[in-house]
Amino acid sequence: MSRMRVLGITVVIEGALLGVALALRGLLDLAHDAPLRFDGTAFAWGVLATAPLFASLVWCARSSLGPVRRLTEQALEAVCALFRDARAVDVAVVALLAGVCEEMAFRGTLQVLLTRWFGFELGWIGASLVFGLVHAVSRGYAIAVFAIGLYLGALMHAFDNLVVPIVAHAVYDFMAIRYLQHLQRRRAREAENPVSEASPAG
C-alpha cells in the first residue's frame, strides 16, 4: 500500500474516531473525569511508560514459544502490508494520530462512560476489551491489544491525566512500527543473501 494511501486512510479513520469522542465528551460532560493537562511531567511519564511495552515487544520477537512466534509473524505481516514504504515521518504521523484519537475515544470517553455506569473495574476492563476487539487482526493479537489497553487505562487512572496514555500510546506505536520494519528488512536481506553452509570435511 502506498505511503499517501496509508496516511489518508489513517487520517479519515482516526479523525472520525476523534470527532465522535469529542462530541460525546462535550454532550455528556466527560472531560472532568479524564482531564488533559499538558506539562513536562505528564510527557516524561508517558515516555517512560513505553519501556515495559517495548520490552514486551522485543521479548515476543525473540521468543521461541509457538503462540508468541505466531503473534510476531502476524504483526510483521501487518507492518509489511501497511508500512513497507513508509518513512520515519510517515510513521510518526500515524503514531501521533493513533495516540491522540484512540486514547480520546477509548480511555477519555469509553472508559470514563463505562466507569460512570458500572464502576472503575468494569469500565477499565470493558473499554480495554472493546479496544482489543477493534484491533482483532487475530485472536492472539486481540488479546495482546486488550492487555495494552488495560495498561493504558491504568495509566490514566493512576495519573488522572489523559496526556500520559496519549504520549505512551503514540511513542510506543512509533517505536514498535519502526522496530518491526527493521525486523522485516533484516529478514529480506537474509533471504537475499543466505549464509552458505560450510561443506563437510573429508
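What to know about the overall build of the chain
At step 1: A tally of regular secondary structure across the chain gives eight helices and zero strands.
At step 2: Each helix (α) and strand (β) of the chain, taken in turn from the N terminus, gives the series α-α-α-α-α-α-α-α.
At step 3: In terms of principal-axis extent, the alpha carbons of the chain reach across some 80 × 35 × 30 Å.
At step 4: Taken over 202 residues, the chain has a buried fraction of 40%.

Focus: a positive patch on the surface
At step 1: A grouping of R62, R185, R186 and R189 is seen on the molecular surface, where their side chains present a positively charged patch.
At step 2: It is helix α8 (residues 163–192) that provides the largest number of residues to the positive patch, a total of three residues.
At step 3: Under the relative-accessibility criterion, R62 is labelled exposed at 68%.

Considering the packing of helix α6 (residues 120–134) against helix α7 (residues 139–159)
At step 1: Packing of α6 against α7 brings their axes to within 8 Å, and their N-to-C directions diverge by 140 degrees. Relative to α7, α6 is oriented oblique. Note that α6 runs across α7; the crossing there is right-handed. Here F120, W124, I125, S128, L129, F131 and G132 of α6 come into contact with α7, specifically with A142, V145, F146, I148, G149, L150, G153, A154 and H157.
At step 2: A per-class count over the contact of α6 with α7 returns eleven nonpolar, five polar and no charged.

The rules behind the values
- Residues numbered from 1 in each chain as written.
- Predicted model: local features only at pLDDT ≥ 70, side-chain atom pairs only at ≥ 80, totals over all residues.
- Heavy atoms only, no water.
- Helix = DSSP H or I, 4+ residues; strand = E, 2+ residues; numbered from the N terminus.
- Buried < 20%, exposed > 50% of the residue type's maximum accessible area, 1.4 Å probe, protein only.
- Patch = residues over 30% accessible without salt bridge, like charges linked within 9 Å, V, L, I, M, F, W, Y side chains within 5 Å.
- Areas by Shrake-Rupley, 256 points an atom, 1.4 Å probe, with all protein chains shown as cover.
- Salt bridge = Lys/Arg side-chain N within 4 Å of Asp/Glu carboxyl O.
- Lys, Arg positive; Asp, Glu negative; His and termini not counted.
- Charge placed at Lys NZ, Arg CZ, Asp CG, Glu CD.
- Axes fitted to C-alpha atoms, helices over the stretch in contact; angles between N-to-C directions.
- Parallel < 35°, antiparallel > 145°, perpendicular 65-115°, else oblique.
- Left-handed = near helix turned anticlockwise from the far one by under 90°.
- Contact = heavy atoms within 4.5 Å.
- Nonpolar A, V, L, I, M, F, W, Y, C, P; charged D, E, K, R; others polar.

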